[in-house]
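# Structural overview
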Amino acid sequence: MTPLLSAPGKMAAVQDGPMELDTEKETKPEILSDGTSKLSGNAASGTLSSSPLTAGGAPKQEDQQTLIAVLQFLRRNKLSESVEILRREAGLEDQEDSQTLDGSGGGKGDRDGGEANSLLSRVSITSAAAPQSTLTPITVKRANEQLDVSVVLSAYSQQGDPSLYQVYYSGLKNFIESVLDCHRAELSQLFYPLFVHMYLELVYNNHENEAKAFFEKFGGDQECYYQDDLRVLCGLTKKEHLKGNEVLLDFRTSRFVLRISRDSYQLLKRHLQERHNNQIWNIIQEHLYIDIFDGMPRSKSQIDSMSGSFAGEARREVNKVKVFHGLLKEPEIEVPLDDEEDEAENEEGKPKKKKTKKDSMGSKSKKQDPNAPQQNRIPLPELKDSDKLDKIMYMKESTKRIRLGPENLPSICFYSFLNAYQGLTAVDFTDDSSLLAGGFADSTVRIWSVTPKKLRKVKSAGELNLIDKESDDVLERIMDEKTASESKILCGHSGPVYSVSFSPDRNYLLSSSEDGTVRLWSLQTFTCLVGYKGHNYPVWDTHFSPFGYYFVSGGHDRVARLWATDHYQPLRIFAGHLADVTCTRFHPNSNYVATGSTDRTIRLWDVLNGNCVRIFTGHKGPVHSLAFSPNGKFLASGSTDGRVLLWDIGHGLMIGELKGHTDTIYALKFSRDGEILASGSMDNTVRLWDSTKAFDDVETDDFTAATGHIHLPDNSQELLLGTYHSKSTPVTHLHFTRRNLLLAAGGYSSQ
Amino acid sequence: MAEERRQKLCSVILPTESMKAMAESVGVGSLQEDSCLALSEEVSYRIKEIAQDALKFMHHGKRRKLTTGDIDHALKLKNVEPLYGFQSQEFIPFRFASGGGRELHFYEEKEVDLSDIINTPLPRVPLDVSLKAHWLSIDGVQPAIPENPPPVPKEQQKTDSTEPLKAVKPGQEEEGSIQTKGQGASSAEVKGKEKMRMKPRSTHELSVEQQLYYKEITEACVGSCEAKRAVCVCVCSQGPKLKEFCLALFIRCNIMNSKYTTKHLLFPLIPAVVTCIVSKQLCLRPDVDNHWALRDFAARLMAQSCKTFSTTTNNIQSRITKTFTKALLDDKTQWTTRYGCIAGLAELGHDVIKTLIIPRLSVEGARIKAVMDGPVVSNIDKIGADHVQSLLLVSTSQQHKVGTNLCRAAGIFDAPAYINVIHYSSNHFEKYSILFFFRSSFKICSIFPKIGRRDLWTEPHRND
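Because the structure is predicted, anything quoted here is derived from the model rather than measured. (Residues numbered from 1 in each chain as written. Chains lettered and ligands numbered in written order. Predicted model: local features only at pLDDT ≥ 70, side-chain atom pairs only at ≥ 80, totals over all residues. Heavy atoms only, no water.)

Looking only at helices and strands, chain A features 28 helices and 31 strands. Put simply, chain A has 751 residues, and 60% of those count as buried. A fraction of 63% describes how many contacts in chain A between residues 6 or more apart in sequence connect residues 24 or more apart. For chain A, the exposed area adds up to about 30200 Å²; of that, 51% sits on carbon and sulfur atoms. (Helix = DSSP H or I, 4+ residues; strand = E, 2+ residues; numbered from the N terminus. Buried < 20%, exposed > 50% of the residue type's maximum accessible area, 1.4 Å probe, protein only. Contact = heavy atoms within 4.5 Å. Areas by Shrake-Rupley, 256 points an atom, 1.4 Å probe, with all protein chains shown as cover.)

Given below as C-alpha cells:
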C-alpha cells in the first residue's frame, strides 16, 4: 500500500468520492455461500440495500427477508456486535421477531426445524394455482435459500411415485407434440427445466435406478445446446452428490425463467388440470418462473436465439431499468497553440484544426446527451498534466485516423509470441500502442516495448536525491539508463496469469491470476505495488476503467468486484451470476460494468449502486470476450460456441448474431470510430465485420422493444468483410491503434 | 450419435477391481463388494467433477489440450492436495505386465546412475519467449509472406496430407466405372491415355536436372571421399544399365552427408528417385536382374528425404504419397510399378501403411491369387506378383504383429490367406475377441490349401 499512496497525483485527488462510496458499500447475501468467516468484517462496516437478484419481485419485502437472513447468519456465527449495528441501521427491531418465524430453523442451528418449516410453507403453496399469487412463497423461499443448503434441497423431499415420473413426463411430451405448431415451440421450452427438476427429484429421493432410466429415456430429447449441462447432470446419481454441487444449487436457487404467450400458457394449464398432473404442476409452480405476455406466440427461431443460459431467459422487467449509455463530456483542454504545431499548418490551419477537434468530440457527446450520465455520477479522478498531454496526443493522432468501412479495411499487424510453449494466457496493449504485456502460465507477466523506445526503471531513492529537481528534463533524468531493455519480466504471482490490463495513463498494470489475487504493478519501477485479495478462487479477468483509478475483476467465485487502486478492499461486489465470471469490461463512460459468465449470460451492472441493470441471454456457451462500441450504445460478446452476439444496451435487446468462427472467440474489438468489429478466435483467424450495417439493419419499433421478441436477420455472410488466417496462432487479443491500424496478438503453437 | 456418446458417459464407472487394488495398496485387506461398488461410484463422480473443473482452466489458459497442471488447479479448487510428480512426457506412462494369473499396470521408474547425470553436459536452455510482428493483412489483402499460411485453404491441405485417397477420388471413380463396364471401348481409351502418360515418364532416363546433378556428383567424386569413389566405380563398372542405382546411391551419400546442403537440389532430384522406384523397366532383363533391390533402396531414400525435407510449404510427403496411391489404385499398373508404389508407401511409416496399404490388401491379395493360380502367365508377371506379395507381408506384418502371430499359430503360411486375415483384423480388431480371429483364420485355412511358403517370412530384400 505505501508505495501506491505515495504515488504522485490523482490518488489523493479523488479520495473523497470513493470514501463516500465505501460507506454505502453493500454486502450481498449471495456471498454467504462463499462461507468465509471474514465476511463479518464487511457486514459490520456497511449497510445493506437490495440484492441485484431480487430486483424484480417485491423489493421491500425481499429486502427484509434478506436482511433477516443475514442477521441469522451473523447470530449463528456469534457476531453479536454486527447484529446490533445491522439492526439499528436497518430499523428492524419491531418487524424482525414476527418475521423470523419463517426461517427460524437456521437461526438456532437446528436444521430439521428449518426443513420442516420450509416444507410446511411449500405444502401451502402447492394448492395455490395462479402464478400471480405466489409472491409470498417466493420471498419466503429466498430467505431460506440463503440459510442452508440442506434447506434448499429439502424442497425436493416431496414424494411421488418414482415409477410414474416417466409417465408424467411422456404424457406432457405427447400433449406438447400434439398441440398446434405455434404453441408447440413455446411449450417445448418446458422440457429442459422439467426434465432437470424431475431428474434431480428422483436422485434426491434415492431412486437411483429410476433416475438413470429417466435420464436415458428423455435425455436425448433435449436441445443440443444443453449438452454440457446434461453431461454434468448425468454424473449425479446419488443424493450425496447434490451437496456442494454448484450447478445444481444454481438450478435450485434461481427459478428457471420461461417466456410464454398467454394462449400457450392457458393451454398448458388446462391440460395439466384436466389430467390432474400435480407432480408437473408443482414443479412449474415452485421452480419455474413463467413470464406471460400477451400477443403472438414466438417462433422456434425466436426462442432459440434467446435461450441457452443456465436459468432460462431474463425476465422482461429486469431489462427495463434506464441505462445511461451516453458518453461523458470530454473535458475542455486548452491546446497549446504555439508549440507542437507542424510548420505546414499556418495561421489558417489552427482554428480549423481546433474546430475539427470539437466536431469529433461533439458528435460523440453532445452538450446535452439525454442518455449520458451526469458528469459526477461516479467520482472520477482529476486529470493530471501528463493526462492532458496524452489527450492532446490522442487528438492529434485521431486527426490522422483512417476512416474505415467495407471498402476500406484496416491493415492488421500480428504480434506472434514465439517459444511460448502454449503458455501465453493473456495479452494487452496500451491505448497508444506503445507497450505490450503478456501473461503466462508460468506465473510471470512480461512487458515489451513495441516502439524503439526502451523500457527503463526509475533510479533508486539514493540516486534520485542527487538529481536537480528544478531542471527541465527532470523526467528524463530520473530514469536509469542502465536498465534499458526491450522487455521486462514481472514475477510475483503463484499461479497462471489469466489477464492483464494497462491503466490508461500507462503507469500501472493489473494482472489477475489463478492464485486468487489481482496485482498492481508500477511501470516506473517494474515492481508490484499491491496485491488485492478478495477472490478466494482463480481470478479470470480484470480490467481498468477507461479513466483509470477503478478496476473490475471477476473470477471463479461467481462474483465480480469493483476496486479502487488505493483501497485494498472492493468497493462493490456484483453478485448474481450463477457460474464463474469469465470476462469483465468497463463501459466507456465508466458508469457501468459488463460481465460475461460461464452461466452463458452477460450482465450489466451499475457502478453507482451495484444493481444489475441488464441480463442478456442467448449464448450457448461460456462467454469469453466482451467489447463496448465506442459510442457506448452497443455491446458485442463472443463465446465458446464461436458466435458473436450484438446487443443494444439502451433497449436491452439482442440485435445481431455473427456466425463464422469455428472455435472460442477470445478477442473482440471495435475500431476507433465503431465501423468495424474485429474478432479473434482459437480457430487461428481474425475476422472483420461490418458493424455499421449490423446496427443499421435492425429496426427497433416500439413493439419489439417492449416485448424483446426480435427477428434476427441471418446475414452473417454479408456482414463478414474479411477472414485472415494466421499460421497455427490462436488470436488472444485485438487492439485498434489511434489511427485505426489493427494489432493482433497470440502465441504461436507448433504442432 | 451424440446420444449414444452421452449414454456411454453416463455409464462409465471405474471397475471395482481397481478399488480393491487401491485399498490393498493403502493397507486395507479385504473390502466388501458392496463397499467397493459404492466407492467406485463415488470416485467416478468425483473424477468427473474434477475433469469438468480442469476444463475451465484449459479454456482460460487458451489451450486445446488438457494438461496435468489443469488437473492440479482443479484439485486445488476443491481443497485437495494436488498430485506431485505426475508430469510425464509420454502419453500414457504406464507399463503392462502379466504373470501368475495377474495383470498389472505399473509406473515405470528407471534406475538412474547419478554420476551419469552429473557427468552429462547440461541440456540446452530452452529458448526464451520472444515477440515477432508481421503483416497479417495490408488494406484488407493478406500478403503472401512466409509468416502467413499459404493461400490454399487449410481444410484442403489437411485432406491432402491426411487422406490422399480422397484427393485422387476422381481416378477411383474412373476405375469403378471401368470395372462395371468391363473391357469396353472407353476403358481401352483410358488405358491408351494412361499409357501415353506413362510412357514419357519412363523413357526419359536422364533429364537436364539429372545431368546437372551428375555434374555435382563427379565433382564430389573427384573430392576427398575415398569410399564414395570406390562405390561409384564399383557400381558403374557393373554396367550402364544400372545407372539409376548408381545415381540413387549418390543421392543417399549426399543426403547422409550433412555438410552438403542438398535442399536446393531436392526438387531436381525427386523425379529421378521416383523413377527408380516406380519405373516399369529399369534394366534390360527384368526377369533376371535384381532391380527390386534398387526399388527398395530408392524407396527408402525417398522416405528419408521426405522425413528430412518435408515441410508444410513444399508438401513433399503428401505429393509423393499421392503419386504412389494413384498408381497403386490403377488396375492396369504393371507388377514392377506396383511393387515400387507399395515399397515407397511402406517406407513412409506406420500411419501410411495403416491408411493406404492395409485397406488395399484384400484387392491386392485377390490379384496375386489370380496370377498365382491362373493358368497362362508370363514369367515376368509371376515374379512380379511374387515380389509384391512378399513385400506386402513384410510391410504389414510389422504393423500387425497380432495378426501375424495369429497366422503363425494357425499355421497359415499361404500369403493370400494371410493377407486376408490381416485385412480382417485391421478392420475389426477393436470389436472382436482374439478367439474370433482364430476361428476365422482357420476357416480361411480351409479355403486356401497350405502351400507352405515358409521362405516368405524371412526378409529377403533387406540384406541385398
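Alright, that's what it looks like, and here's the rest.
The next point concerns the packing of helix 19 (residues 262-274) of chain A against helix 20 (residues 278-287) of chain A. Working note: a packed helix pair is described by the angle between its axes plus the distance between those axes. Residues and elements named next belong to chain A. Between helix 19 and helix 20, the shortest axis-to-axis distance is 9 Å and the interhelical angle comes to 140°. It follows from the interaxial angle that helix 19 and helix 20 lie oblique. Contacts between helix 19 and helix 20 involve Tyr265, Leu268, Lys269 and Leu272 on the former and, on the latter, Ile280, Trp281 and Ile284. (Axes fitted to C-alpha atoms, helices over the stretch in contact; angles between N-to-C directions. Parallel < 35°, antiparallel > 145°, perpendicular 65-115°, else oblique.)

A few words on the UniProt feature "repeat: WD" (unreviewed entry) in chain A. All names here are of chain A. Look at the UniProt record and you will see "repeat: WD" (unreviewed entry) annotated at residues 417-458, 490-525, 532-563, 574-615, 616-649 and 658-690. For residues 616-649, helix accounts for 0% and strand for 59%, while the C-alpha atoms at its two ends are 9 Å apart. Regarding residues 658-690, the helix share stands at 0% and the strand share at 61%, and the terminal C-alpha atoms are separated by 10 Å. (UniProt positions renumbered as here; feature names shortened; annotations may be inferred.)

One widely used convention gives an interface's size as the accessible area the parts lose upon coming together. Each partner contributes to the interface: chain A provides 63 residues, whereas chain B provides 46 residues. The largest per-residue losses of area from chain A upon contact with chain B belong to A:His241, A:Tyr724 and A:Lys727, which jointly make up 11% of the total buried on that side. Where A:Arg446 meets B:Asp128, a salt bridge forms, and the shortest distance between an N and an O atom there is 3.2 Å. Our count for the contact surface shared by chain A and chain B stands at 19 residue pairs in polar contact (both at pLDDT 80 or more). Looking at the side of chain A that touches chain B, the elements that each hand over two or more residues are helix 15 (208-218), helix 16 (227-235), helix 17 (239-242), strand 3 (412-418), strand 4 (424-429), strand 5 (435-440), strand 6 (445-449) and strand 29 (720-725) of chain A. With 7 residues, the single largest contributor to the side of chain A that touches chain B is strand 3 of chain A. Inspection of the sheet shows strand 3 of chain A paired to strand 3 (residues 130-137) of chain B by 7 bridges, in the antiparallel sense. Counted as the bridge partner of A:Phe414 is B:His134 from strand 3 of chain B. (Buried area = accessible area lost by both parts, 1.4 Å probe. Salt bridge = Lys/Arg side-chain N within 4 Å of Asp/Glu carboxyl O. Polar contact = N/O pair within 3.5 Å; in protein donor to acceptor, adjacent residues only side chain to side chain. Pairing = 2+ DSSP bridges.)

Residue and element names in this part refer to chain A. With respect to topology, 4 strands assemble into an open sheet ordered 14-15-16-17, the strand pairing being antiparallel. Unpaired on one side and paired on the other, strand 14 (539-544) and strand 17 (572-575) mark the two borders of the sheet. For this sheet the average axis-to-axis angle between neighbouring strands, irrespective of direction, equals 20°. As judged from the 4 bridges shared by strand 16 (residues 559-564) and strand 17, these two strands associate in the antiparallel manner.

As a further point, take a nonpolar patch on the surface. A surface patch of nonpolar side chains, about 440 Å² in accessible area, is lined by B:Val112, B:Leu114, B:Ile117 and B:Ile118. Relative to the helices and strands, B:Leu114 resides in helix 5 (residues 114-119). (Patch = residues over 30% accessible without salt bridge, like charges linked within 9 Å, V, L, I, M, F, W, Y side chains within 5 Å.)

The terminal C-alpha atoms of helix 23 (residues 385-399) of chain A, which comprises 15 residues, lie 22 Å apart, in line with the 21 Å expected from a rise of 1.5 Å per residue. Considered for burial, the residues of helix 23 of chain A that qualify are A:Asp387, A:Asp390, A:Ile392, A:Tyr394, A:Met395, A:Lys396, A:Glu397 and A:Ser398. (Expected span 1.5 Å × (residues − 1).)

Next up on the list: the packing of aromatic side chains. Residues and elements named next belong to chain A. Enumeration over the complete set of coordinates arrives at 29 aromatic pairs over all chains. Measuring from ring centre to ring centre gives 3.7 Å for Phe634 and Phe695, while their planes differ by 10°; the resulting arrangement is stacked. Note that Phe634 is positioned in strand 23 (residues 634-639) and Phe695 in helix 26 (residues 691-696), a separation of 61 residues in sequence. We note that Phe634, like Phe695, is buried. Among the aromatic side chains, those forming a connected cluster through ring pairs are Tyr169, Phe191, Phe195, Tyr199, Phe214, Phe215 and Phe218. Here the basic side chain of Arg446 rests over the ring of Phe440, its NZ or CZ set 5.5 Å away from the ring centre. Directly above the ring of Tyr225 sits Lys620, whose terminal nitrogen or CZ lies 4.9 Å from the centroid. (Phe/Tyr/Trp six-rings, centres within 6.5 Å; stacked < 30°, edge-to-face > 60°. Lys NZ or Arg CZ within 6 Å of the ring centre and 35° of its normal.)

So, about the side chain of A:Ser264. Residue and element names in this part refer to chain A. If you trace the backbone, Ser264 turns up in helix 19. By relative accessible area, which is 0% here, Ser264 ends up buried. Each residue touching Ser264, except ones within four places of it in the same chain, is listed here: His183, Glu186, Leu187 and Pro297.

Moving on, we get to the side chain of B:Asp53. Residue and element names in this part refer to chain B. Tracing the backbone shows Asp53 in helix 3 (residues 33-60). Using a relative accessible area of 10% as the deciding quantity, one classes Asp53 as buried. The contacts of Asp53, once residues within four sequence positions are left out, are Ala74, Leu77 and Lys78.

Residues and elements named next belong to chain A. One open sheet holds the 4 strands; their spatial order is 26-27-28-29, and the pairing between them is antiparallel. Looking at the sheet topology across the chains shown, the edges are occupied by strand 26 (665-670) and strand 29. Neighbouring strand axes in the sheet, compared pairwise and without regard to direction, differ in orientation by 15° on average. Note that strand 27 (residues 676-681) and strand 28 (residues 685-690) share 5 bridges and pair antiparallel.

Along any regular strand, the residues point their side chains to alternate faces of the sheet. Residues and elements named next belong to chain A. Where burial is concerned, most of strand 28 is hidden: 6 out of the 6 residues are buried. Linking strand 27 back to strand 28 in an antiparallel pair, the connection comprises 3 residues, with Asn684 at a positive phi of about 65°. Strand direction decides the pairing type here: strand 28 and strand 29, joined by 5 bridges, are antiparallel. Bridge pairing in strand 29 links Trp689 to Leu720.

Residue and element names in this part refer to chain A. Mean pLDDT over chain A: 76, with 75% of residues reaching 70 or higher. This model gives residues 94-148 a pLDDT under 50, and the stretch forms 78 contacts once residues within four places in sequence are excluded. Across residues 338-366, confidence stays below pLDDT 50; counting only partners more than four residues off in sequence or on other chains, it has 20 contacts. (pLDDT = per-residue confidence, 0-100.)

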